[in-house]
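Coordinate analysis (summary)
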Amino acid sequence: MLTISRRFCAIQFFKINKHPPTQFHFPLLHNPLITRADQSSHQKMAFISHPMVKPESIDKREYQLSIAMKALDANTMVILPTGLGKTAVSLLVAASRLYNEGGRVLMLAPTKPLVDQHLRYFEGYLLAKSPEGSDTSPFVMFTGEAPPDERTADWNRASVILATPQVIKNDLIAGRYTLSDVSLLIVDECHRAVGNYAYVFLAQRYMATADKPLILAMTASPGGAQEKVQEVCANLAIAHVETRTENDPDVRPYVFERELEYISIDLPPDLKAAIQTINALIEDRLGVLASLHFSVPKREKLSMRELSAINAQIQQRIANRDSAAFSAASVYAELMKLKHAITLAESQGSEVLKGYLAKLYAEGTGAGGSKASQRLVQDRSFRELFERSVEWTRELHPKPEVALGLVRQQLTDSPNSRIIIFATYRDTVQLLVDFLAKHGIESERFVGQATKDAEKGLSQKKQIAALTRFREGEFKVLVATSVGEEGLDVPSTDLVIFYEAVPSEIRSIQRKGRTGRSGAGRVVVLVTKGTSDEVFRHVSTAKEKMMHKSMRSLNAALSTPREIPLAVEQASIEEFTPQGIKIVIDDRETSSKVVEVLSTMGAAIRLERLPQGDYAIGDRILVERKTAKDFADTLINRDLLGQLKAMADAVPRPVLIVEGGDIFTQRDINPNAIRGVLSAITIDLGITLLFTKDEQDTAQMLYVIAKREEGERGERKMHPHKVQRSMKEEQEYVVSAFPEIGLKNARLLLAHFGSVQGIVNASLEELMAVQGIGEKTAGRVYQVSRREYER
């Protein structure tokens, strides 16, 4: 028996193929989505039936079909609780678009483990074919590990591409392929599409260049602030929002029971005493700020919001060149460190606090430590607290024992369970892994890629391997930071432990969603009494309620779908292919808005690792870009002049761009010292110094420089003209023109060989024997001196 969703078919053919619904004919198995009811079963299990969906593989759920119908009409954001099949909805929409429009589907997710999970799902259920008709798989996962040429070849052969956004952004900027034939862009965890996150750039580029654009954005938790949700909608060109809650009638039958439990824990006396000492230190710092005529709250009211307000006052007075504000900025840094110490003591425990105090002590007593750390270490109360912490020989906080008890009970009651413990800090994750191992329970940590201090991160490959072992039951407990919160699907996870409450409604929802996906689940939140844990618990609950209310009003405001703009209204694809001015950009700059703007302006960009500078224009110009803050920080903490000198030695036309802000107000530096540095940069090093307002302004400046460099009338002079030179200067001038020589190496070579002729006639071994001249540089001089000129 065939059960046909006529409205779905009519909408799909009428809106997408522009055929009137009267043209339908039976049978419909080669037309868009219908469902087949299996009459052989007493349960009458119904499945989706579609020529591009594996038969009898995806259950028919009316809410998923309804959402998919709307998503085919306009750019749509889908807000659906975790475990209710956002990925299934995306697969249904992908099948329809591939069947009706052809082209490719591009699915983006923020992490490689999540991309890998989506790849396995699509490979299992979507019957896609390679555009080239070859026998190769139509599915491909893009990571930054594969060479660019390999990614380009994979793009050309695949019809379904799954990737993290940054790698697609880099490839588009470098002109390796375009999005012109992408008929569906799926954006998972779309609440990230704010600010300078790669989703924003990709959505804008896609809508501007795709022949038949359609965006499907998905999230379980867009956030409680309606302004942020509206920003996401604007950034992704969303015209319609489809939202469901677990209480909606069409969703309720598919929701598994999820028990939510809060366990209150008393703070031990030693940690209470430590917090009292830290609070006294905070009181002193607030008093210092008050004496400098800053408005400060009472210590009991010192929240993160209040700290931000203090910082805003400080920054305003710094902008007004108030010298007292620089001292206040350092005191503010002390407050932030002390506030963080209290959070650790209350929610994480004595071992993590002990490690943090030791880190502050090392910073304050070592070379190069910040003024804030140095002053803290000089405070007798802080030193006494540090000395007390050294004597702690075991974990004082009861949380690890409570977590152990929960894990033991769960594994006793259900030996095949999977358990996830979420903790905010990596130190806590490692502490829990070690603590569980000590008591005979095997677990593994699941953290991000970055290496922090001495603690190594997990590569994306290792993250995927850990999840595979967890799913297959090689170990039963996964201890994860926030990297494990988004989207990861381990069906048998039936206990999730929050080691601490979190104030973010997005993170709270994501954590809870790791259980109750394919059966009843339990969520336990550990809350230390009378601490920030309790505050965060109530804050996240209130924000969740606000989010659901906000979603209802947003859905009402956007409930009327809009037609997708026609291709004739879009920018020409030629505007976004590498045909314009040529710029080589250091691959570490791709997170900057500057690169996005240059790409949008039509620059032909090549990404590579530059030894000096951030942008290379032609063979004469290198540009180093620094924000005003980075300029000041590098001047104090790193070798700014050494870095710039290396660039000046490499090319005839070095340029420094200082972007945004006032360099005189970034740090407590004597203005004459900054003026001296600027003089050295321009006069001694011969670097052109330019100031820009923001990233947009920087991009436009770079574009103009590159355009001028490429479009100079007449024959360009390889060396700048100088009216009068001594013979010595003329010799230095000639030799410095050799590739990778510069003025410093020219003087070394002339001093060693005595003349330009001596350098030209020298053997490779003789050139390499000059102190300061390496094999590479010697080889370039030798090669240029002897290679025949090609006419």
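On a predicted model such as this, the values are computed, not experimentally measured, just so you know. (Residues numbered from 1 in each chain as written. Predicted model: local features only at pLDDT ≥ 70, side-chain atom pairs only at ≥ 80, totals over all residues. Heavy atoms only, no water.)

**Some words on the overall build of the chain**
Each helix and strand counted, the chain has 29 helices and 22 strands in total. Taking the contacts inside the chain whose residues are at least 6 apart along the sequence as the reference set, 71% of them involve residues at least 24 apart. Summed over its atoms, the accessible surface of the chain is roughly 36900 Å², and 51% of this surface lies on carbon and sulfur atoms. (Helix = DSSP H or I, 4+ residues; strand = E, 2+ residues; numbered from the N terminus. Contact = heavy atoms within 4.5 Å. Areas by Shrake-Rupley, 256 points an atom, 1.4 Å probe, with all protein chains shown as cover.)

**Some details on unusual backbone geometry**
With a phi angle near 50 degrees, Glu56 is a residue other than glycine that sits in the positive phi range. On the secondary structure map, Glu56 appears in the loop between strand S3 (46-49) and helix H2 (62-71).

**Side note on the packing of helix H25 (residues 727-735) against helix H26 (residues 742-753)**
Where H25 contacts H26, the axes come no closer than 8 Å and their chain directions differ by 115 degrees. The angle between H25 and H26 places the two elements in the roughly perpendicular class. Of the two possible hands of crossing, H25 and H26 adopt the one that is right-handed. Counted together, Gln731, Glu732 and Val735 of H25 and Leu743, Ala746, Arg747, Leu749 and Leu750 of H26 form the full contact between these two elements. Class assignment of the residues belonging to the contact of H25 with H26 gives a composition of 5 nonpolar, 1 polar and 2 charged. (Axes fitted to C-alpha atoms, helices over the stretch in contact; angles between N-to-C directions. Parallel < 35°, antiparallel > 145°, perpendicular 65-115°, else oblique. Left-handed = near helix turned anticlockwise from the far one by under 90°. Nonpolar A, V, L, I, M, F, W, Y, C, P; charged D, E, K, R; others polar.)

**Regarding the nonpolar core**
Ile421 and Leu526 are the most contacted members of the largest nonpolar core, which has 64 residues in total. Ranked by residues supplied to this core, first place goes to helix H11 (residues 323-348) with 11 residues. Contact partners of Ile421, with chain neighbours within four places excluded, come to Val407, Leu432, Leu436, Val477, Leu478, Val479, Ala480 and Ile497. Grouped together as the second largest cluster of nonpolar side chains are 59 residues, Ala217, Cys233, Val594 and Val655 included. (Core = buried A, V, L, I, M, F, W, Y, C linked by side-chain atoms within 4.5 Å. Buried < 20%, exposed > 50% of the residue type's maximum accessible area, 1.4 Å probe, protein only.)

**A short note on the sheet that holds strand S18 (residues 604-608)**
If you walk across this open sheet you meet the 6 strands as S18-S17-S19-S20-S21-S22, and the pairing is mixed. Two strands in the sheet have a free side with no partner beyond their single neighbour: S18 and strand S22 (688-692). The mean inter-strand angle of the sheet, taken between neighbouring strand axes irrespective of direction, is 25 degrees. The sheet contact formed by strand S17 (residues 582-586) and S18 spans 5 bridges and is parallel. The residue bridging Ile583 from the neighbouring strand is Ile605, located in S18. (Pairing = 2+ DSSP bridges.)

**Examining the packing of aromatic side chains**
If you walk through the whole model with that rule in mind, you get 8 aromatic pairs. The interplanar angle of 50 degrees and the centroid separation of 6.3 Å between the aromatic rings of Phe142 and Trp155 together place this pair among those described as tilted. Linking Phe142 in strand S6 (residues 139-142) with Trp155 in helix H5 (residues 148-157), this pair joins segments that are 13 residues apart in sequence. Assessed through its relative accessible area of 2%, Trp155 is described here as buried. Ring centres 5.5 Å apart and planes at 25 degrees place the aromatic pair Phe470 and Phe475 in the stacked group. One aromatic cluster in this structure is built from Tyr121, Phe122 and Tyr125. Above the plane of the ring of Phe294 lies Arg317, whose end atom (NZ or CZ) is 3.9 Å from the centre. (Phe/Tyr/Trp six-rings, centres within 6.5 Å; stacked < 30°, edge-to-face > 60°. Lys NZ or Arg CZ within 6 Å of the ring centre and 35° of its normal.)

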